[in-house]
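# Chains, contacts and geometry: an overview
So the chains spell out like this:
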Amino acid sequence: MPSLIEVLKRSEFFLKSKGIITAKLDAELLLSHLLGCKRLSLHLNFKNNIEDFVLSQFQRLLSRRGKHEPLQYIIGEVEFYGLSIAVDKNVLIPRHETEELVDIIISRFRNRLIGSILDLGTGSGAIGLALAKYFPKANILAIDISQNALSMARKNALRNRIDNIRFMKSDWLENVDGVFDVIISNPPYLTDGEFANSQDEIKNFEPKSALVSNNMGLADIFKIISGAGKFLAKDGILALETGCFQHEFIISCAKDYFCKFESIRDLCGKNRFIFLHNNATFSS
Ligand SMILES: C[S@@+](CC[C@H](N)C(=O)[O-])C[C@H]1O[C@@H](n2cnc3c(N)ncnc32)[C@H](O)[C@@H]1O
């Protein structure tokens, strides 16, 4: 039986040969996932031997990663804003930028009463669940057009014991009823070309319908902007994650529907979020 350190060294070499940049980290994360232990304890037990049956299971996981399947799909979960979110090929893997969007909303509304939030295109449920957890008195409605995504989002609500959220199938605002303090969405916004040029992890594994939108990536954003106003409370905001070169066009369209616009950069300095206000006076 090989030792843990031997297995990790060989695995790192294998993943590197397949073009995985984070080969060492990924090998360690896969092995600690399989053994049900923290990464640190691998380092503390380098000399331990690995049983043959564990080794063959590990080789299967490594081979999936070697084909560039995202680590999160192989492990089946990702951490998002302190929640454990289960993911599979039916849902987009929640991104760090989206955590930033959640964080901005939380800091804006921390000292305000927030009654209702609508999460459009909830996918795994990440945004809606993080906000539901942070605002336990608010009612969250999360919609998606994909029944498979909604099943995963419901599982994630149970997994995190969050019950102030309900899920509904809807083509954007079609089946939505009510008025919301915040409407939030990370809609599909890539062009076909951007998707085709994306990493293998994205283009070969993540759902294209969650990422790509017609009309230069803007069709879904436009549908949301043109329909959301009547579902927003008087001081409500529509908060969108977008592509970083789309803000000029989005704001020019939004002028027909909203009074005030904010273009917000992500931590990498890219124009990533747009906040559209129903009311001309707002505090940021
Ligand atoms: C970029 S993913 C965002 C998923 C999740 N909110 C997140 O941030 O990780 C976009 C989501 O919008 C959903 N979607 C695409 N078209 C839709 C439509 N017409 N109506 C409702 N949801 C849609 C997709 O199924 C997908 O779950």
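Scroll up a little and you will see the structure.
Residues numbered from 1 in each chain as written. Predicted model: local features only at pLDDT ≥ 70, side-chain atom pairs only at ≥ 80, totals over all residues. Heavy atoms only, no water.

Turning our attention to the packing of helix α1 (residues 4–17) against helix α2 (residues 23–35). Contact geometry of α1 with α2 gives a least axis separation of 8 Å together with a crossing angle of 130 degrees. Regarding the angle of α1 to α2, the classification is oblique. Where α1 crosses over α2, the two elements pack in a sense that is right-handed. Within the contact between the two elements, α1 uses Leu-4, Leu-8, Ser-11, Glu-12, Leu-15 and Lys-16 and α2 uses Ala-23, Lys-24, Asp-26, Ala-27, Glu-28 and Leu-31. Grouping the amino acids of the contact of α1 with α2 by side-chain chemistry returns six nonpolar, one polar and five charged. (Axes fitted to C-alpha atoms, helices over the stretch in contact; angles between N-to-C directions. Helix = DSSP H or I, 4+ residues; strand = E, 2+ residues; numbered from the N terminus. Parallel < 35°, antiparallel > 145°, perpendicular 65-115°, else oblique. Left-handed = near helix turned anticlockwise from the far one by under 90°. Contact = heavy atoms within 4.5 Å. Nonpolar A, V, L, I, M, F, W, Y, C, P; charged D, E, K, R; others polar.)

Moving on, we come to the site of the ligand. If you check the shell around the ligand, you find 19 residues, and the closest are Gly-121, Asp-144, Asp-171, Trp-172 and Ala-210. At 2.8 Å from a nitrogen atom of the ligand is found a side-chain nitrogen or oxygen belonging to Asp-171. Within the side chain of Asn-186, a nitrogen or oxygen atom sits 2.9 Å from an oxygen atom of the ligand. Burial of the ligand by the protein amounts to 95% of the accessible area it has alone, namely 590 Å². Looking at the shell around the ligand residue by residue, the classes come out as nine nonpolar, eight polar and two charged. (Near = heavy atom within 4 Å. Polar contact = N/O pair within 3.5 Å; in protein donor to acceptor, adjacent residues only side chain to side chain. Areas by Shrake-Rupley, 256 points an atom, 1.4 Å probe, with all protein chains shown as cover.)

Another aspect to go through is the packing of aromatic side chains. Counted under the stated rule, the structure contains two aromatic pairs. Considering the side-chain rings of Tyr-134 and Phe-135, the 5.3 Å spacing of their centres and the 80 degrees angle between planes classify their relative orientation as edge-to-face. On the basis of relative accessibility, which here comes to 36%, the residue Tyr-134 falls in the partly exposed class. On the basis of relative accessibility, which here comes to 8%, the residue Phe-135 falls in the buried class. Judged by centre distance (6.5 Å) and plane angle (70 degrees), the rings of Phe-222 and Tyr-257 are edge-to-face. One end of the pair, Phe-222, is in helix α12 (residues 219–228); the other, Tyr-257, is in the loop between α13 (247–254) and β8 (260–265), and 35 residues separate them in sequence. Note on Phe-222: relative accessible area 36%, which makes it partly exposed. Exposure remark for Tyr-257: the relative accessible area of 34% places this residue in the partly exposed category. In this structure, Arg-112 packs its charged tip against the face of Phe-109, placed 4.6 Å from the ring centre. (Phe/Tyr/Trp six-rings, centres within 6.5 Å; stacked < 30°, edge-to-face > 60°. Buried < 20%, exposed > 50% of the residue type's maximum accessible area, 1.4 Å probe, protein only. Lys NZ or Arg CZ within 6 Å of the ring centre and 35° of its normal.)

That is the geometry; function is a separate question.
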